[in-house]
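Results of the structural survey
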Amino acid sequence: MPDRYDAVVVGGRCAGAPLAMLLARQGLKVCVFERHAADFENRSTHTLQLAGVRLLDRWGVLPELEKLGAPFLTKISLILHGTVVSGLPWGSNSRLSSICVKRTALDPMLGALAIGAGADLRYHHDVRDMSFARGVWAVSATGPDGIRSVQAPLLVGADGMMSSVASNLDAGFELFMSSITFTLYKYVPNTVGSECFIVVDDWGAQACVPTTDGDMIYVVQRPSKTFKDFRRDPHRLLKDGAARLSRYVELPREAEVLEDYRRAVNQPTFIRRMPGNQACLIGDAWSHKDSVTAQGITDALLDADLLSGIVAAQPTLDDTFETALRLAWDRRTADYREEVQRAYELASFTSPKPQFTEMIETVSADSTLSSKFLGLDAKTYSWSDLSGELASLSGGKGLVPSVE
């Protein structure tokens, strides 16, 4: 007979694991099925933006993050088409800032926190079947000891871009845009200390960000249309990229060596619809945008926090729960659309219009505006607030490019 739970979560990484922890803290019985091992390396964003770090602090688990050994950023230098915007995101302080952590360290930490809170997290369990009847979800997963079947009134898909939950429930798209970039990244010796350097221009994007194990992550991102050129002569791309970035930061020799580079080729931008019937999608299963703004982990944590709050307020999962869920994700979708458009435009790597150049130069010259601008990707400051301030500076015209 299937085991009974209050919630079953498919996917136990940066979305599913914190959700399971939060629900278990509420006293709910939670089962999590994760296809891979705890330390499986996801080829994805590594950065926890400041908004995500704040959540970990509010949840009382920041000490666990600090134990992983990655430094909190003390300075970000964002070079947009030759103009440097530097500082730290709005809301940073001597204790809290953005941080970059290898997924082989972060994901096991989040899983351990979920288990410590009382969640039943099962690694190496691949979900094969799910069905809904009489207000209950039945989910079966294949694991090392055979098939395990569970039942729960709430089903959550936290299983990434290629979500099996979204596929099984035929969740359509509110928005979909094809991938326009590909990404290469590699762990190399840290030459930036606790600082971060990001360069974005017509060529593409590059970043050096300190991470765990005394390394930094070196990232190269270019338009998808150039991927064939990369495959024909990868060494030339790496050499050209290193020469460009060396104007701002010293790169170790390993940055020019192809060995050990990870690739992320398919990076579509999308927002899926919520499936209903006491089912919810969070993290990359619900939405994904080009990785140029490095917000994926933070988005997943925000989704987990939002859903756990709705469950806490509507524990009976009745029509009131469905209404609250729909309204909350309608608001989340509206906010996300603006972020998606801004990220997509940044990832196009096209020459900026004069209005954009003027705006960045104005921001660069003012430390407070720089902090607020960096707060956009850190998700601690809104574009609407910043655009209002910039419009005020320019008398209501001429300085604020549209993100529509």
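Our subject is the structure listed above.
Observations regarding the overall build of the protein chain
Secondary structure assignment for the protein chain yields 12 helices and 21 strands. The C-alpha atoms of the protein chain give a radius of gyration of 21 Å, which matches the 22 Å a tight globule of 404 residues would have. By its C-alpha atoms, the protein chain is 65 × 50 × 40 Å across when sized along the principal axes. For the protein chain, the proportion of its 404 residues judged to be buried stands at 54%. Look at the contacts in the protein chain between residues 6 or more apart in sequence, and 73% of them connect residues 24 or more apart. Only carbon and sulfur atoms are counted for the fraction: they give 49% of the accessible area of the protein chain, which is about 17200 Å². One way to put it: in the protein chain the 42 positive side-chain charges average out to a point 3 Å from where the 49 negative ones average out.

Some details on the nonpolar core
Judged by nonpolar contacts, the single largest core of 80 residues is most densely connected at Leu-48, Leu-65, Leu-155, Ile-282, Leu-307 and Trp-329. Filtering out sequence-adjacent residues up to four positions away, Leu-48 remains in contact with Val-53, Leu-56, Leu-65, Ser-98, Ile-99, Val-101, Leu-106, Ile-297, Thr-298 and Leu-301. Ile-76, Cys-196, Ile-217 and Tyr-381 belong to the second-largest nonpolar core, a separate cluster that totals 29 residues.

A short note on the packing of aromatic side chains
Applying the stated criterion across every chain, the model contains 10 aromatic pairs. Between Phe-182 and Phe-230 the ring centres are 5.7 Å apart and the planes differ by 35 degrees, which places this aromatic pair in the tilted class. On the criterion of sequence distance, the pair formed by Phe-182 in strand β14 (residues 181-189) and Phe-230 in helix α6 (residues 227-232) is long-range, its members being 48 residues apart. Summarising the burial analysis for this pair, Phe-182 and Phe-230 share the class buried. Taking 6.0 Å as the distance between ring centres and 65 degrees as the angle between the ring planes, the aromatic pair formed by Tyr-185 and Tyr-187 counts as edge-to-face. Summarising the burial analysis for this pair, Tyr-185 and Tyr-187 share the class buried. Here the guanidinium or amino end of Lys-29 rests over the ring plane of Tyr-5, the centre of that ring lying 4.8 Å away. One Lys or Arg, Lys-372, reaches over the ring of Trp-90 and ends 4.9 Å from the middle of that ring.

Quick word on the sheet that holds strand β1 (residues 3-4)
Across the sheet, which stays open at both edges, the four strands sit in the order β1-β11-β10-β9 with mixed pairing between neighbours. Edge strands, defined here as strands with exactly one partner in the open sheet, are β1 and β9 (126-133). For β1 and strand β11 (residues 146-152), the ladder comprises two bridges, and the chain directions are parallel. Residue Asp-3 lies in a different strand from β11, and its bridge partner there is Val-150.

Observations regarding the environment of Asp-330
Along the polypeptide, Asp-330 turns up in helix α9 (residues 319-346). The spatial distance from the C-alpha of Asp-330 to the C-alpha of Asp-366 is 35 Å, given a sequence separation of 36 residues.

Details of the layout of surface pockets
Of the pockets and cavities examined, the second largest pocket occupies roughly 390 Å³. The wall of the second largest pocket is formed by 14 residues, among which Leu-302, Arg-332, Asp-335, Glu-339 and Lys-379 lie closest to the centre. Of all the secondary-structure elements, those providing two or more residues to the lining of the second largest pocket are α8 (296-313) and α9. Looking at which element gives the most residues to the lining of the second largest pocket, the answer is α9, with six residues.

Section: the pattern of salt bridges
This model, assessed by the stated rule, comprises 26 salt bridges. Residue Lys-102 is joined to Asp-215 by a salt bridge in which the shortest nitrogen-to-oxygen separation is 2.7 Å. Of this pair, Lys-102 sits in the loop between β7 (99-100) and α4 (103-116) while Asp-215 is found in strand β17 (residues 215-223), placing the two residues 113 residues apart along the sequence. For Lys-102, a relative accessible area of 7% translates into the label buried. Among the charged side chains, a salt-bridge network with shared partners connects Lys-289, Asp-299, Asp-303, Arg-332, Glu-339 and Lys-379.

Notes on the sheet that holds strand β20 (residues 279-281)
In sheet architecture, strand pairing relies on hydrogen bonds along the backbone and comes in two forms, parallel and antiparallel. Ordered by their spatial adjacency, five strands build an open sheet running β8-β3-β2-β12-β20, and the pairing between neighbours is parallel. At either margin of the open sheet sits one strand with a lone partner, and together these are β8 (120-122) and β20. Strand-to-strand, the axes of this sheet are offset by a mean angle of 15 degrees, without reference to chain direction. In this structure, strand β3 (residues 30-33) lies alongside β8, joined through three bridges in parallel fashion. Paired with Phe-33 across the strands is Arg-122, a residue of β8. Running over the sheet, helix α1 (residues 16-25) touches β2 (7-10), β3 and β12 (154-157) and is turned about 170 degrees from β3.

Concerning the side chain of Arg-272
Inspection of the secondary structure puts Arg-272 in strand β19 (residues 269-272). Of the polar contacts made by the side chain of Arg-272, one reaches the backbone oxygen of Ala-285; its length is 2.7 Å. Not counting chain neighbours up to four residues away, the residues in contact with Arg-272 comprise Gly-160, Met-161, Ser-163, Ala-166, Ala-171, Gly-172, Phe-173, Glu-174, Leu-281, Asp-284, Ala-285 and Trp-286.

Observations regarding the pairing of β2
Of the two faces of β2, the one lined by Ala-7 and Val-9 and the one lined by Val-8 and Val-10 are each fully buried. For β2 and β3, the ladder comprises four bridges, and the chain directions are parallel. Each bridged residue has a counterpart across the sheet, and for Val-10 the counterpart in β3 is Phe-33. For the crossover that starts at β2, traverses α1 and ends in the parallel β3, the hand is right-handed. Across four bridges, β2 lies against β12 in parallel orientation. Across the sheet, the residue bridging to Val-10 is Gly-157, located in β12.

Reading the values: the criteria
Residues numbered from 1 in each chain as written. Predicted model: local features only at pLDDT ≥ 70, side-chain atom pairs only at ≥ 80, totals over all residues. Heavy atoms only, no water. Helix = DSSP H or I, 4+ residues; strand = E, 2+ residues; numbered from the N terminus. Rg over C-alpha atoms; globule rule 2.2 N^0.38 Å. Buried < 20%, exposed > 50% of the residue type's maximum accessible area, 1.4 Å probe, protein only. Contact = heavy atoms within 4.5 Å. Areas by Shrake-Rupley, 256 points an atom, 1.4 Å probe, with all protein chains shown as cover. Lys, Arg positive; Asp, Glu negative; His and termini not counted. Charge placed at Lys NZ, Arg CZ, Asp CG, Glu CD. Core = buried A, V, L, I, M, F, W, Y, C linked by side-chain atoms within 4.5 Å. Phe/Tyr/Trp six-rings, centres within 6.5 Å; stacked < 30°, edge-to-face > 60°. Lys NZ or Arg CZ within 6 Å of the ring centre and 35° of its normal. Pairing = 2+ DSSP bridges. 1 Å grid on protein atoms, 1.4 Å probe; cavity = no way out; pocket = protein on both sides within 12 Å on 5 of 7 lines; lining within 4 Å. Points joined across faces, edges and corners; volume = space filled by probe spheres on them. Salt bridge = Lys/Arg side-chain N within 4 Å of Asp/Glu carboxyl O. Axes fitted to C-alpha atoms, helices over the stretch in contact; angles between N-to-C directions. Polar contact = N/O pair within 3.5 Å; in protein donor to acceptor, adjacent residues only side chain to side chain. Right-handed = clockwise from strand over helix to strand, strands pointing away.

Honestly, it's all geometry; don't read function into it.
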